Amino acid sequence: MGLLVDGVWTDQWYDTKSTGGRFQRSASQFRNWVTPDGSPGPTGDGGFAAEKGRYHLYVSYACPWAHRTLIFRKLKGLEDHITVSIVSPLMFENGWPFDTSFPDATSDELFGSQYLYQVYQQADSKYTGRVTVPILWDKKQNKLVSNESSEIIRMLNSAFDGVGAKPGDYYPKELQEKVDEVNSWVYDTVNNGVYKAGFATSQEAYDEAIEKLFESLDRLEKLLGEQRYLTGDKLTEADIRLWTTLIRFDPVYITHFKCDKKRILDYPNLHAYMREIYQLPGVEETVNFNHIRSHYFRSHKTINPTGVISIGPNMKLDVPHGRDKK
Ligand SMILES: N[C@@H](CCC(=O)N[C@@H](CS)C(=O)NCC(=O)O)C(=O)O
């Protein structure tokens, strides 16, 4: 694993020395927006109008951030609008590779790259920063639109509505304040919380992250006992953002990231809620446990030096969820 410095690939693991053993995620740098008419979005440049066939997603099935974008592509029926490349889950000294010998991984159909960092080099030959998935690419202008998943899902949610996306608004005006509020603590303590626990290199950093993580899971369990979804009776972006962490929790985070106080299976409401979203049309097809488990257990050599993959639990994902009675 590494990063680009002035456009040159440098193999380097996360630096936690300067932060008392704490993992800090760096901010994404490509922040343009696809909009219905190409006018500029909240950040970045304009010129990215929604069009069928114009954009391409680079994702990893393993990655919870990229997974959000795959789910939105399904929910909004954008499979014919947005093409996808899937990296191999085995991320070693050259970062994310394209390697079709790994089942369900694809090549880079745009540039034929061997590694994802070469796609970033196409976007900016002097780029300095991490080489992350997901990426939304504009095939027409040959530009990287965005590498920030929280913003890509907002684009998929509404920008393509005039060019054939399925109806459905997962960030409706009347719920935006609530969604933003839930997102902020769920992101910090759950989505990123599992990484803070797993990548901690001091006991204090781990203790801090794990306490907040399980406080939040307890809070979510209670909330989902009172209502069907995180902001009430409507599925929103906040649910999808939480869900990509929940689905990885029992098969990976419990053992690999030492998040072992409780399993999602031990939380009746959270588990049923996780099953409900898994059973939504199209969602199961976005879940690839082979990629998920291979990536974490084999790529994070500082945490699991042997690369041995644990056996993993029975997820019981097909059990009826019963959430429609809420
Ligand atoms: N802020 C980014 C984070 C994406 C991210 O961290 N992706 C991970 C995979 S789960 C990655 O590609 N990591 C490679 C690296 O940090 O070198 C987003 O949400 O889009």
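All figures in this text were calculated on a predicted structure; none of them were measured in a lab.

Focus: the sheet that holds strand β7 (residues 143-146)
(1) Moving on: Reading across the sheet, the four strands line up as β4-β3-β6-β7 and stay open at both edges, with mixed pairing between neighbours. Both outer strands of the open sheet, β4 (82-86) and β7, are each paired with one neighbouring strand and no more. Averaged over all neighbouring strand pairs, the angle between strand axes comes to 30°, with direction disregarded.
(2) Moving on: Two elements, strand β3 (residues 55-59) and strand β6 (residues 135-138), share four bridges in a ladder whose sense is antiparallel. Each bridged residue has a counterpart across the sheet, and for Y55 the counterpart in β6 is D138.

Notes on the nonpolar core
(1) Moving on: L116, V133, C259 and L270 are the most contacted members of the largest nonpolar core, which totals 86 residues.
(2) Moving on: A total of ten residues in this core trace back to one element, the largest contributor, which is helix α7 (residues 237-256).
(3) Moving on: Shared between two domains, this core takes at least three residues from each, and those domains are domain 1 (2-163) and domain 2 (173-280).
(4) Moving on: With sequence-adjacent residues up to four places away left out, L270 is seen in contact with L217, L220, E221, L224, L246 and I264.

Looking at helix α3 (residues 149-158)
(1) Moving on: A large share of α3 lies buried, amounting to eight of its ten residues.
(2) Moving on: For α3, every residue scored as buried is listed here: S149, E151, I152, I153, R154, M155, L156 and N157.
(3) Moving on: Buried residues belonging to α3 abut α1 (64-75), β6, β7 and α7.

Looking at the pairing of β4
(1) Moving on: In terms of strand pairing, β3 meets β4 through five bridges, oriented parallel. From the neighbouring strand, L57 faces β4, where its bridge partner is V84.
(2) Moving on: Handedness of the crossover joining β3 and β4 through α1: right-handed.

Here we look at unusual backbone geometry
(1) Moving on: A cis geometry characterises the amide bond from V133 onward to P134, with omega recorded as 0°.
(2) Moving on: Its identity is not glycine, yet D6 carries a phi of approximately 50°, on the positive side.
(3) Moving on: Checked against the element boundaries, D6 lands in the loop between β1 (2-5) and β2 (8-11).
(4) Moving on: For D6, a count of 9 C-beta atoms within 10 Å corresponds to the exposed category.
(5) Moving on: Phi is positive for K316, which is not a glycine, with a value near 50°.

Some points on α7
(1) Moving on: The terminal C-alpha atoms of α7, which comprises 20 residues, lie 27 Å apart, in line with the 28 Å expected from a rise of 1.5 Å per residue.
(2) Moving on: For α7, the principal kink sits at F249 and spans about 75°; a proline, P251, occurs within the next four residues.
(3) Moving on: Taken from the residues just after α7, K258 is the one with a positive phi, measuring 60°.

Observations concerning the UniProt feature "binding site: glutathione" (unreviewed entry) in the protein
(1) Moving on: The feature "binding site: glutathione" (unreviewed entry), as annotated in UniProt, sits at W96, R130, V131, T132, V133, E148 and S149 in this numbering.
(2) Moving on: Residue W96 is classed as buried on the basis of its C-beta count, with 27 C-beta atoms lying within 10 Å.
(3) Moving on: With sequence-adjacent residues up to four places away left out, W96 is seen in contact with S60, V87, M91, Y115, L116, V131 and V133.
(4) Moving on: If you trace the backbone, R130 turns up in strand β5 (residues 129-130).
(5) Moving on: The exposure class of R130 is buried, given the 20 C-beta atoms found within 10 Å.

What to know about the sheet that holds β5
(1) Moving on: Strand order in this open sheet of three strands is β2-β1-β5, and the pairing throughout is antiparallel. Both edges of this open sheet fall to β2 and β5, since each of them pairs with a single strand only.
(2) Moving on: Strand direction decides the pairing type here: β1 and β2, joined by four bridges, are antiparallel. Among the inter-strand pairings, V5 is bridged to a residue of β2, identified as V8.

What about the UniProt feature "site: Lowers pKa of active site Cys" (unreviewed entry) in the protein?
(1) Moving on: The positions that UniProt labels "site: Lowers pKa of active site Cys" (unreviewed entry) are, in the present scheme, Y253 and Y296. These annotated residues cover 44 residues of sequence, and their C-alpha atoms all fall within 8.9 Å of one another, placing them together at a single site.
(2) Moving on: With respect to the helices, strands and loops of the structure, Y253 is situated in helix α7.
(3) Moving on: With sequence-adjacent residues up to four places away left out, Y253 is seen in contact with V194, G198, R248 and C259.
(4) Moving on: The residue Y296 is located in helix α9 (residues 289-299) in this model.
(5) Moving on: Since 24 C-beta atoms lie within 10 Å of it, Y296 is described here as buried.
(6) Moving on: Leaving out residues up to four positions away in the same chain, Y296 has contacts with A62, V252 and H256.

Quick notes on the rules
Residues numbered from 1 in each chain as written. Predicted model: local features only at pLDDT ≥ 70, side-chain atom pairs only at ≥ 80, totals over all residues. Pairing = 2+ DSSP bridges. Helix = DSSP H or I, 4+ residues; strand = E, 2+ residues; numbered from the N terminus. Axes fitted to C-alpha atoms, helices over the stretch in contact; angles between N-to-C directions. Core = buried A, V, L, I, M, F, W, Y, C linked by C-beta atoms within 7 Å. Buried ≥ 20, exposed ≤ 12 C-beta atoms within 10 Å, placed from the backbone. Domains from an automatic or database assignment. Contact = placed C-beta atoms within 7 Å. Right-handed = clockwise from strand over helix to strand, strands pointing away. Expected span 1.5 Å × (residues − 1). Bend = angle between axes of the 7 residues up to and from the residue. UniProt positions renumbered as here; feature names shortened; annotations may be inferred.

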